[in-house]
Amino acid sequence: MERPVTVDDWIEIEAQDSPDGSWMTMMSRVSAFHHKHAFADPENNGHDMGYRIALTVEELGEFAAAITKGKPLEEAAEELADLLILLMGHSLAMKVDLESEFHRKMDRIMQRKARRGNLGIRVTEYTDQ
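Residues numbered from 1 in each chain as written. Predicted model: local features only at pLDDT ≥ 70, side-chain atom pairs only at ≥ 80, totals over all residues. Heavy atoms only, no water.

Asks: Can you walk me through the packing of helix H2 (residues 23–36) against helix H4 (residues 73–94) in this structure?
Replies: At their nearest, the axes of H2 and H4 sit 10 Å apart, and the two run at 75 degrees to each other. Judged by the angle between their axes, H2 and H4 are roughly perpendicular. From H2, Trp 23, Met 26, Met 27, Val 30, Ser 31 and His 34 reach across to H4, where they touch Leu 84, Ile 85, Met 88, Gly 89, Ser 91 and Leu 92. Within the contact of H2 with H4, the residues separate by chemical class into 8 nonpolar, 4 polar and no charged. (Axes fitted to C-alpha atoms, helices over the stretch in contact; angles between N-to-C directions. Helix = DSSP H or I, 4+ residues; strand = E, 2+ residues; numbered from the N terminus. Parallel < 35°, antiparallel > 145°, perpendicular 65-115°, else oblique. Contact = heavy atoms within 4.5 Å. Nonpolar A, V, L, I, M, F, W, Y, C, P; charged D, E, K, R; others polar.)

What follows is the structure in structure tokens.
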């Protein structure tokens, strides 16, 4: 089998249900969640990217509120986990090999120079205007 990208690909992979530091475990668990709730079913809208982006904005707002309101680290960490689960789910909905894309992008950004903007350090492709 090529690298897994769909829910069906991932649920065929047996992985632990406890943290082991592996991408495989994380993706297989997110896939099991998607499979359990039939997100791919058009009636559920779970693979509609417009809907998924709206959920992501909502979760990002919850994370931002936890940070800006000085909530306990545990609450901010939970919101951060929600964002990660959603992003991993986006890759399932789009049938993207997120791990490979992560490494490809990291290789590119590691070659960039950091620049100081008005609010802090930026490492992005842009020009001064």
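More follows now that the structure is in view.
Asks: Help me understand the side chain of Ser 31, please; the structure alone is not making it clear to me.
Replies: Relative to the helices and strands, Ser 31 is located in helix H2. In this structure, Ser 31 is in contact with Val 7, Trp 10, Ile 11 and Leu 92, ignoring residues within four places of it in sequence.

Asks: Any chance you could explain the pattern of salt bridges here in plain terms?
Replies: Note on pairing: side chains with opposite charge can pair once their charged atoms come close. Tallied over the entire structure, the rule returns 4 salt bridges. Of the charged contacts, one joins Asp 97 and Arg 3 as a salt bridge, the two residues approaching to 2.4 Å between their closest N and O atoms. One end of the pair, Asp 97, is in the loop between H4 and helix H5 (98–109); the other, Arg 3, is in the segment before helix H1 (7–11), and 94 residues separate them in sequence. On the accessibility criterion, Asp 97 (17% relative accessible area) is buried. The shortest N-O distance in the salt bridge between Glu 99 and Arg 3 comes to 2.7 Å. One end of the pair, Glu 99, is in helix H5; the other, Arg 3, is in the segment before H1, and 96 residues separate them in sequence. With a relative accessible area of 24%, Glu 99 lands in the partly exposed category. Several salt bridges share partner residues, and in doing so they unite Arg 3, Asp 97 and Glu 99 into one network. (Salt bridge = Lys/Arg side-chain N within 4 Å of Asp/Glu carboxyl O. Buried < 20%, exposed > 50% of the residue type's maximum accessible area, 1.4 Å probe, protein only.)

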